[in-house]
Amino acid sequence: MENYSNTDHSSSSNLISAMSHFFSLRILIGLLILGQVNNTFAQNNGEVRTSIPLNQNWQFAKDPKKVGAKYLKFTSVDIPHTWNAVDVMDDEPGYYRGLGYYKKKLVLRPNWKHKKIQLYFNGVNQEAEVYLNGKKIGNHIGGYTGFSIPLENLQFNGTDEIMVKVDNSFNESIAPLTADFTFFGGIYRSVSLLVLDQVHFSDTKYGSTGVFVQAKNVSEQGAEILVSGSLANTTAITKQIKVKTEVLDATGKSMGNAESRFVIGSGNTLNFQLPIAKVPFPKLWSPENPYLYKAITSLLDAKTGKILDQIKTPVGLRFFKFDVQKGFFLNGKPYKLMGASRHQDFAGMGNAVPAALQVKDIELLKKMGGNFLRVAHYPQDQAIMDACDQLGIITTVEIPVVNEITETEVFYRHCEHMQLEMIKQNFNHPSVVAWAYMNEVLLKMKFNKEPERKQQYIANITKLAQRLENLTRKTDSTRYTMMANHGDVNGYNAAGLTKIPMLVGWNLYQGWYGGKAEDFGPALDRIHQTIPDKPMLVTEFGADVDPRIHSFNPIRFDKSLEYGMLYHQIYIKDMLKRPFVAGAAVWNLADFSSETRSETMPGINNKGLLTIDRKPKNTYFLYQAYLSANPFVKIGDGNWTWRGGTEISQNLTVISNLDTVALTVNGKYLGKKRVVDHLANWTIDFNNGKNKIEALGRAEGKIWQDTSTINFVLQPQSMQNAKASFNILMGSQRQFIDDENQLWLPSKAYVTNTWGHIGGEPFKIKDSGRQSYGSDKNIVGTTNDPIYQTQLVGVEGYRVSVPKGKYIVTFHFAELMGNGIQTTLPYNLDSMISVRREIPEQRIFEVYLNGKPIIKKLNLAACYGVAKNVKKQFECLVTDDEGIKILFKNIEGKAVLNALQIRKID
């Protein structure tokens, strides 16, 4: 039988400074009031139990050849740490999934010799073996829950050394098997040394504190608090002990207590339950008033009264229910759950993110007006859960059974153990209302060519779901259960999966992976009619928004901010007006790492309302306008600080929850506009250069305003009297801002005495199911992929009417066809995955600049490969009134051009 986390009886200061800006004083104060470091184990100056951070000065080495730790060269690292922070963002497909070793010398105090000492790991992905002085002492399976390892036979002479062998390799027995996120390896959450009395609260099997506080029969008139748990006696004698819980309000006033006496034998563990403690007329916990009581549970020697151990637990008193027609109710009142899902990684750090920085996510969700967080697709740092408790964010938490399963008993037992760890480690968080256990589990369907075997596979998924459901209800009867499914409603119904959980979540992407955004509302109605007996949530929805891309003609899959705004506007309104939609979680709060993705920002899923480094997009502000009760005005294009076009007149949007807003541009007052669906729009004339924009409105007797400076680049139709410097995208309908803040504009057909292309058609992959132009391939050798992901095919020439002078002309090429079999919809949540076969184009062509041959017999695929950026730069002297003339001559196939730059140098 697997040994998950029990004893194996068989045998950087700079980062802290940089992140301190994000740390919330309110959260820090909350943690100190609760007397907790991470809500897993309390630290109280060594009086009862001591938790000592062990995050500094570890030694680390990867072991790709599996030679063993003694043959490796170690380097110094601090925890949290992942070995995948960099390689998931390079151009090489795949990332290191294998072995890594961590080791550290322990500094132990002599007076601890008669204590029980444990290591506590908050998160190691995904398999861990722990060694003390060369001997294996424990292990853990699963990358997203904490675990404790008792330390026995310590030397206390300065030689004690911990070594942790970590493996994030694919393992068919461990979920997740596949997913649209990166499986970072390493000790990526904090590590602590726990110093305990010989008699202490204990749950080494599931990694919890060993104390569970349950609120029962909660109402405005009163509440009952039931405390249970387990404790261990590691002394050589039987002990008479007393367990006592006292409930305090936020001011420290005692509101109730309960206690019991027990006898526990030497070397034994004991499960206990105390009598009910009653709290009269409680202050109820809610997002508007996340009031927290505190339960102090003490373990005492019954004879001497000495406190042997103590756990301090935040207690939020609330009651809730889900109604199939009316949605979610909190404390007897209807309550629409609106928020987001969250992945835990951050730009440049992978998943090794300091807790203080993670808390910033919850603050941003709260500021947006959100009241709901789907903690997906795995349990997350206790700092996240603490912040949800303290800020009033309602949560669901799930284990990472994603896309598919392995049909083995070992896999099933691992899933069950993950579920138990998740529940027990997060049981005391009042923010949690439901436990979930599967996400889109029919998405990556197996045995499609073997109908009988496929049905057996589906039946095994259903059996596992029922096992997890039964286990969850048995472990915690106070909360709901949930499963999140993709859009194949008939498939989940036929499998019987919609009948098992208490709540059903639907991940719906009409208007993104397929169909139109307008299909979303009718889809909700059909699901509700098809499954009339189950409360429903929309557990995912979203559209990729690359913050560098804009379009005046937004279409599905162009990754533009403008399409994202249209998409979310439709979804928000459709969900808010349907009371049977109990809640909704945008996918995702922030952009996140998904190494297998290509698209405009390879390795990143751009569906976040925030960028991966947590800068808000306009979609975030749209939700803030809909959800926040605080008056709010935001210039919707304020983040689009570089924009341009061939005309100075363009639309500008203000996002607000006020009735009216006014706009001033470059000191000129443009008047008030009524806010409709939280947007007000103006057509304004930009200056060529910097533009100062100010928007303001009145509410609550105050003025609310926002300002922005927008740099406008006018690309006139005629270049004769203009500075001839521009960047042009071929076959594109979008604007792009590159890494150097250069603005790229879409090309147009040439008209005499202007500029533009001659001949050619926008590149489009036939039957791609995605955007109507361009490619989503990762372009090797650049981070400015959108420059190369569109092109003109069969281009005959390019003309730019410029004055006499010297110019630098830069051609940008990439072969977009090829690479054999390509997945057309790798994350299609409306239908099954399909594939296409791409055959490389045979194209050889030459390029002439003002009549001179500059590129001969160019064969992109043969010379550079597919999806590789090719940049060729030439000097051009214009001596007449004909300007710059570029001619493409086909030798075989059709010539292509992806982008063009022209810069005057004298």
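As a starting point, this report considers the structure included with it. (Residues numbered from 1 in each chain as written. Predicted model: local features only at pLDDT ≥ 70, side-chain atom pairs only at ≥ 80, totals over all residues. Heavy atoms only, no water.)

### Description of the environment of Q419
Its place among the elements puts Q419 in helix 5 (residues 409-426). With 434 residues separating them along the chain, Q419 and P853 place their C-alpha atoms 67 Å apart. Once residues lying within four places of it in the same chain are set aside, the contact partners of Q419 are I399, W435, A436, Y437, L468, L471 and T472. (Helix = DSSP H or I, 4+ residues; strand = E, 2+ residues; numbered from the N terminus. Contact = heavy atoms within 4.5 Å.)

### Notes on the nonpolar core
A general trend in soluble globular proteins is that nonpolar side chains are found buried together. In terms of nonpolar packing, the biggest core is built from 108 residues, with M438, L497 and M575 touching the most fellow members. No other element matches helix 9 (residues 561-576), which puts eight residues into this core. For M438, the residues in contact, after removing those within four places along its chain, are V401, I461, L464, A465, L468, M483 and A484. Counting 38 residues, the second-largest nonpolar core is a separate cluster that includes F74, Y102, L119 and A128. (Core = buried A, V, L, I, M, F, W, Y, C linked by side-chain atoms within 4.5 Å. Buried < 20%, exposed > 50% of the residue type's maximum accessible area, 1.4 Å probe, protein only.)

### Description of the sheet that holds strand 36 (residues 633-635)
The strand order 36-38-41 describes an open sheet built from three strands, whose pairing is antiparallel. Two strands in the sheet have a free side with no partner beyond their single neighbour: strand 36 and strand 41 (679-685). Here the strands of the sheet are splayed against their neighbours by 25° on average, with no regard to which way each runs. Packing of helix 10 (residues 618-627) onto the sheet brings it into contact with strand 36, strand 38 (649-656) and strand 41, and relative to strand 38 it is tilted by some 45°. (Pairing = 2+ DSSP bridges. Axes fitted to C-alpha atoms, helices over the stretch in contact; angles between N-to-C directions.)

### Re helix 6 (residues 451-475)
Here helix 6 is 25 residues long and its end C-alpha atoms lie 36 Å apart, about the 36 Å a rise of 1.5 Å per residue gives. Those residues of helix 6 that sit buried are Y457, I458, N460, I461, T462, L464, A465, L468, E469, L471 and T472. Where the residues of helix 6 are buried, they touch helix 5, strand 28 (432-439), strand 29 (480-485) and helix 7 (489-495). (Expected span 1.5 Å × (residues − 1).)

### Some words on the packing of helix 8 (residues 520-530) against helix 9
Where helix 8 contacts helix 9, the two axes come as close as 9 Å, and the packing angle between them is 35°. Helix 8 and helix 9 meet at a crossing whose hand is right-handed. Across the interface between the two elements, F520, G521 and L524 from helix 8 touch Y571, D574 and M575 from helix 9. A per-class count over the contact of helix 8 with helix 9 returns four nonpolar, one polar and one charged. (Left-handed = near helix turned anticlockwise from the far one by under 90°. Nonpolar A, V, L, I, M, F, W, Y, C, P; charged D, E, K, R; others polar.)

### A closer look at the pairing of strand 7 (residues 127-132)
Side chains on a regular strand alternate between the two faces of the sheet. Both strand 7 and strand 8 (residues 135-141) contribute to a ladder of six bridges, which runs antiparallel. The residue of strand 8 that forms the bridge with V130 is G138. Hairpin connection of strand 7 to strand 8: two residues between the antiparallel strands, including N133 at a positive phi of 50°. Direction of pairing for strand 7 relative to strand 10 (residues 161-167): antiparallel, over a ladder of six bridges. Bridged to A128 within strand 10 is V166.

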